[in-house]
Amino acid sequence: MSIFRNRREFLALTGAAAGGIALTACGGPGATDEAAGGGEPRRGGRFRALFTGGGEQETIDPHAESLAIDMARTKALFDRLVELDATMAPVPRLAAKWESNADATVWRFTLREALFHDGKPLAPEDVLFTFARILDPKATTHFAQGLLSVIDLKKSRAAGGNVVEVALKRPTAEFPALLGTLGTAVVSSRYADPARPAGTGAFRLKTFQAGRSFVAERFDDHWDGGAYVDELHVLAADADARGNALRAGEAEFGYEMTPTFARTVQADRSVRVLAAKGSTAHAIVMKCDQEPFDDPDVTLAFKLLADREKLVQVVLAGQGVVGNDMFGKGYQYYPEDVPQRTRDVEEARALLKKAGVLNRTLSLYTSSVANGFVEAATLFAEQAADAGLRVKVTTGSSETYFKDQLTKGVMGSHRSGAMTIPNYLNDRLLSTSAFNASAWRRKDFDAAFATARSTTDEAERTRLYGRLQRTVHDEGGLLVWGHPDWLNAVSSRVRGMDAAPPNTLHSARFDKVWLA
Amino acid sequence: MRGYAFQRLALGAAQLALLAVLVFALTALLPGDAADVRNNEDATDAQVAALREQLGLDRPAVERFTDWAAGLPTGDFGTSLVSGGPVRDILADTVGTTLVLGAVTLAVVLPVAVLLGVASGLREGGRLDRTVTSVTLALNAVPDFVLALLLVAGLSLKLGLLPATWVGVEAGDLLAEPALLVLPVTVVAARVVCLLSRQVRAGVVSVLGAGYVVQARRLGVPRRTLLLRHVLPNAAVPGIQELARVGDNLVGGVLIVEAVFAVPGVATALVRAVEARDVPTVQGLALVVAVAALLFSLAADLLCHRLVPRTEVLR
């Protein structure tokens, strides 16, 4: 029932993780089907996919999408220039390839041959129109407006043939990855009415009613070979209803299933759970601009107090992996060589004693906006008590939690996932970030980030991002204690679909599925 | 009786006006507004402010309320802050579904409750009475959502007899596929039947013991006439009054049923609108529910009057 809760989770999570299996799905039908039970792909049938709904909030405007259900629908109707793979690295879609100038301020994208649903071929003008539409200052709900504000529209142009040249206001080595995020699908320059989507997607819209129904049919001229199923339905149902519908054969796919459901259907042959390992991130944040967390020794002490295994066992029902106080485990640029932080109450107590903050009461602001927030906060409060600290947990409103958290409590609950590591750093850890949950504001960090972002050499850039992450790991206010698995489920007839983290190419992707 | 009806309707209109003000005020008390909720957490303050202005949320609350109220007489329920379309469309989409669910439930509840109540009341203390009493008591103690999950697990998932959800169902499919209605109606009806049948039973028992019935029986009035002419109408009154009173059980049941069976109805829409701080939609839905409750209770009272004109319903 609580869609907005879900939407928040989803926005907070733009991310992905491990799950190399997810990649097999793009190796063509053969590779996919082995994983799912074999057989030659077959055309036909109706595929019903279920997501948490958003009522009137739902949209098929690809630039205003914000819910998972919106993204599944726009993914069927539209394509992006670039998508992200399971490690959050950019992979080609409508852009067959790309290159930049030496300082990453001008990017040339070579477009594929693709047709829009109205028969018009994809051209550079469509891409430029798309950017202009996203950046339209009057469009207050266009999600990617902030991310893509780096584009200098006036200097961008069609560079002959099928090449589009995008000029940027500042060097951005990650620009292709930005195009793989929420709200960036390419629309036709004839696109005007969201009710009549003009995209290049594998499905063409039949009917859509916000909060009610969505039916699309296969688009036979899709550049990527098109879909197998005749008809795609993307529908809304709460978590319990999704599970029941799947088990009763009333749906073929359920997005975001619960750990409870996964356990319940272990012996059920009619349903298969697709678990993307450790796909999202759960954290307790400490506000570094407030006493006592303005002292890195204190944040370190708190990080040492967390019993991560227990948090994962209890809060995530064991379906996840422990975190190491950095965002983005398993993603491109994640420094895997940083030793795992473990519990050390003695050391924590010593640090707290040195800083003179033993026997304090600190307030932790949380809410039920995301599954596990309140449980994790409560459990962590118990763990902190082992060092003589009192953590007072306050539960606030779900709908406005992410705004309120910035001003309430010296500690808070934080959840994040499907976005690239550079995006996370940009959106959450810069002095200027609107949603800086840990109030981490350091000029030297901002400058180091700017350097990393404009470094075109990938190895060097990886090293620089790794160093930024390490700084956060050592001194920052993020206590990333766990990475829950991302659970989807399919009925046993479904082939061509594997575990995939949210917001990646293979997440809720229906053009390669077929029914046995 | 007509005067009474008019009086009640006038009172109802006043109640509705009060309700509209209350709902508006309460929604305003919730933390955050539609602009806060609708924007993502990366939105800049400027974006939120622009959206707030675009939605007209920067205008004084009183002005927004009077604007909305001014549209009501012309059937204009205002504009949704979320979809940007008329609230009337949202009402049209959701009210029909819930009405079908409610009407079918009522059509099941009434005969079943009356039959059970009368049958057990006529043989007070008999085996049937004891069985009905214990079953209804037990069933009444089972929360709606538990009953829903048990029924789905058993009848849909295990035996495959009935649909487990309304996933993918179009509004027009409902009457074509009555099987869809069985489980949701059973869940909503179960508790109401329990409450009602016990009232009817109590009514029958008390009427049977009343002096005039005992006297009529003594005078040799045939049992069937006595039952149909005197016992039933009098016994039905507390039942119907109870029915008007258990409206909240019906609404609560529908809310749970809509969630469990993925029914796109009024309750789901109302919860979503509150979460989205979509004030015009919340108010539109609240008014529709209130009008329905009002008419329902008026109809119940008028029916009671018709059955037993001498009772004090006219007050």
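Every chain's residues receive numbers from 1 upward, in the order its sequence appears when written. For this description, chains carry letters from A and ligands carry numbers from 1, given in the order in which they are written. Two thresholds apply to this predicted model, a pLDDT of at least 70 for residue-level local features and 80 or more for giving and counting side-chain atom pairs, whereas whole-chain, interface and lining totals are computed over all residues. With hydrogens and water set aside, each side-chain value is computed from the structure's full complement of heavy atoms.

The name an unreviewed UniProt entry assigns to chain B is ABC transporter permease, from the organism Streptomyces ficellus.

Chain A is annotated in an unreviewed UniProt entry as ABC transporter substrate-binding protein of Streptomyces ficellus.

Okay, the overall build of chain A next. What chain A contains, in helices and strands, is 15 helices and 21 strands. With C-alpha atoms as the basis for the radius of gyration, the globule rule is written as 2.2 Å multiplied by the number of residues raised to the power 0.38. Here chain A has a C-alpha radius of gyration of 23 Å; the compact-globule value for 516 residues is 24 Å, and the two agree. With the principal axes as the frame, chain A shows a C-alpha extent of 70 × 55 × 40 Å. Throughout, a contact is declared for two residues whenever any of their heavy atoms are within 4.5 Å. Contacts in chain A between residues at least 24 apart in sequence constitute 73% of all its contacts with a sequence separation of at least 6. Reported accessibility uses the Shrake-Rupley method at a 1.4 Å probe radius. Residues are deemed covered only where the shown protein chains occlude them. As displayed, chain A has an accessible area near 17800 Å², and 50% of this comes from carbon and sulfur atoms. Strands here are runs of E lasting at least two residues and helices are runs of H or I lasting at least four, both read from the DSSP assignment and numbered beginning at the N terminus.

Helices and strands together make up the secondary structure of chain B, namely 14 helices and zero strands. For chain B, the sequential pattern of α-helices and β-strands runs α-α-α-α-α-α-α-α-α-α-α-α-α-α. Across its three principal axes, chain B shows a C-alpha extent of roughly 85 × 55 × 35 Å. Accessible area is worked out with a 1.4 Å probe on protein chains only. A residue is then buried under 20% of its type maximum, exposed over 50%, and partly exposed in between. Taking all 315 residues of chain B together, 44% fall into the buried category. Partitioning the intrachain contacts of chain B with sequence separation of at least 6 by distance along the chain shows that 71% fall at a separation of at least 24. When the accessible surface of chain B is totalled, it reaches about 15500 Å², and 66% of it is carbon and sulfur. Positive charges come from Lys and Arg alone, negative charges from Asp and Glu alone, with His and the N- and C-terminal ends not counted. Charged side chains are reduced to one point each, which is NZ for Lys, CZ for Arg, CG for Asp and CD for Glu. Averaged over its 25 positive side-chain charges, chain B has a centre that lies 22 Å from the centre of its 25 negative ones.

Okay, the interface of chain A and chain B next. With 44 residues of chain A at the contact, the number on the chain B side is 40 residues. In this assembly, chain A packs against chain B so that about 3600 Å² is buried in total across both faces, 53% of it on carbon and sulfur atoms. We count a salt bridge whenever a side-chain nitrogen from Lys or Arg sits within 4 Å of a carboxyl oxygen from Asp or Glu. On inspection of chain A and its partner chain B, the count reaches one salt bridge. The shortest N-O distance in the salt bridge between A:Asp238 and B:Arg272 comes to 3.7 Å. A 3.5 Å cut-off defines polar contacts: any pair of N or O atoms within that distance qualifies, except that in protein one atom must be a possible hydrogen donor and the other a possible acceptor, and neighbouring residues in sequence count only when both atoms are side-chain atoms. On inspection of chain A and its partner chain B, the count reaches seven residue pairs in polar contact (both at pLDDT 80 or more). Counting residues per element, the ones that place at least two in the side of chain A that touches chain B are helix H1 (3-12), strand E10 (231-236), helix H6 (239-247), helix H12 (401-404) and helix H13 (421-428) of chain A. Among the elements that take part in the side of chain A that touches chain B, H1(A) stands out by supplying seven residues, more than any other. Using a 1.4 Å probe, buried area is obtained as the accessible area two parts lose upon being combined, added over both of them.

In this section: a nonpolar patch on the surface. Residues and elements named next belong to chain B. Taken together, the side chains of Phe 6, Leu 9, Val 291 and Leu 295 define a hydrophobic patch exposed on the protein surface, amounting to about 360 Å² of accessible area. Among the secondary structure elements, those contributing two or more residues to the nonpolar patch are helix H1 (2-29) and helix H14 (279-307). With respect to the element layout, Leu 295 can be found in helix H14. Since its relative accessible area comes to 46%, Leu 295 is described here as partly exposed. Surface patches are defined over residues having more than 30% relative accessible area and no salt bridge, joining like charges when they lie within 9 Å and nonpolar side chains (Val, Leu, Ile, Met, Phe, Trp, Tyr) when within 5 Å.

This brings us to the UniProt feature "transmembrane region" (unreviewed entry) in chain B. UniProt positions are given in the numbering used here, feature names are shortened, and annotations may be inferred rather than shown by experiment. The sites that UniProt annotates as "transmembrane region" (unreviewed entry) are residues 99-122, 134-155, 175-196, 250-273 and 285-308 of chain B. What you have in residues 99-122 of chain B is 100% helix and 0% strand, and the ends, taken at the C-alpha atoms, are 34 Å apart.

A few words now on helix H14 (residues 443-453) of chain A. Residues and elements named next belong to chain A. Within the sequence span of H14, burial applies to Phe 445, Asp 446, Phe 449, Ala 452 and Arg 453. Around the axis of H14, the buried residues are gathered within 125° of arc, so they sit on the same side. The secondary structure elements touched by the buried residues of H14 are H13 and helix H15 (458-475). The directions from the helix axis to the C-beta atoms are what the arc is built from.

A few words on the sheet that holds strand E6 (residues 157-158) of chain A. All names here are of chain A. When DSSP finds at least two bridges between two strands, those strands are taken to pair. Pairing in this open sheet of four strands is antiparallel, and the strands run E4-E5-E7-E6 from one edge to the other. Only two strands of the sheet have a single partner each, and these edge strands are strand E4 (95-100) and E6. Looking at chain direction, E6 and strand E7 (residues 163-167) are connected through two bridges and run antiparallel. Within the sheet, the bridge partner assigned to Arg 157 lies in E7 and is Glu 165. A fitted line through C-alpha atoms represents every axis, and for helices the fit uses only the stretch in contact; the resulting angles, taken between N-to-C directions, go from 0 to 180 degrees. In this fold helix H4 (residues 124-135) packs onto strand E5 (106-111), E6 and E7, with an angle of close to 30° to the strand it touches most, E7.

Attention now goes to the confidence of the model for chain B. Residue and element names in this part refer to chain B. pLDDT gives the predictor's per-residue confidence on a scale running from 0 to 100. Confidence in the prediction of chain B, expressed as mean pLDDT, is 84, and 95% of residues score 70 or more. Mean pLDDT across the elements of chain B bottoms out in helix H8 (residues 173-176) (72) and peaks in helix H6 (residues 127-140) (90). Two summary scores accompany this predicted model of the complex, namely pTM at 0.84 and ipTM at 0.79.

A word on the nonpolar core. Residues and elements named next belong to chain A. Take the buried Ala, Val, Leu, Ile, Met, Phe, Trp, Tyr and Cys residues and link them wherever side-chain atoms come within 4.5 Å; each set so joined is a nonpolar core. Membership of the largest hydrophobic core comes to 38 residues, with the highest contact counts inside it found for Leu 425, Leu 429 and Phe 445. Ranked by the residues each element gives to this core, the list is headed by H15, at four residues. Built from parts of two domains, this core gets at least three residues from each of domain 2 (82-178) and domain 3 (281-484). Within the second largest apolar cluster, 37 residues are counted, among which are Phe 47, Ala 185, Val 234 and Leu 515. Note that domain bounds follow an automatic or database assignment of domains.

Here we take up the environment of A:Tyr424. Residues and elements named next belong to chain A. Its location among the elements puts Tyr 424 in helix H13. Taking the C-alpha atoms as reference, Tyr 424 lies 8.4 Å from Gly 328; in sequence the two are 96 residues apart. One polar contact links Tyr 424 to His 414, side chain to side chain, over a distance of 2.8 Å.

All names here are of chain A. Taken in spatial order, the six strands of this open sheet run E14-E18-E13-E17-E15-E16, and their pairing is mixed. Two strands bound the open sheet, and with one partner strand each, they are strand E14 (320-322) and strand E16 (390-396). Taking each pair of neighbouring strands and ignoring which way they run, the sheet shows an average axis angle of 25°. Two strands pair when backbone bridges link them, and strand E15 (residues 361-367) and E16 are joined in this way by seven bridges, in the parallel orientation. When the bridges of E16 are listed, Leu 364 appears paired with Val 393. Sheet contacts for helix H11 (residues 373-385): strand E13 (281-286), E15, E16, strand E17 (411-416) and strand E18 (478-484); angle to E15, the most-contacted strand, approximately 165°.

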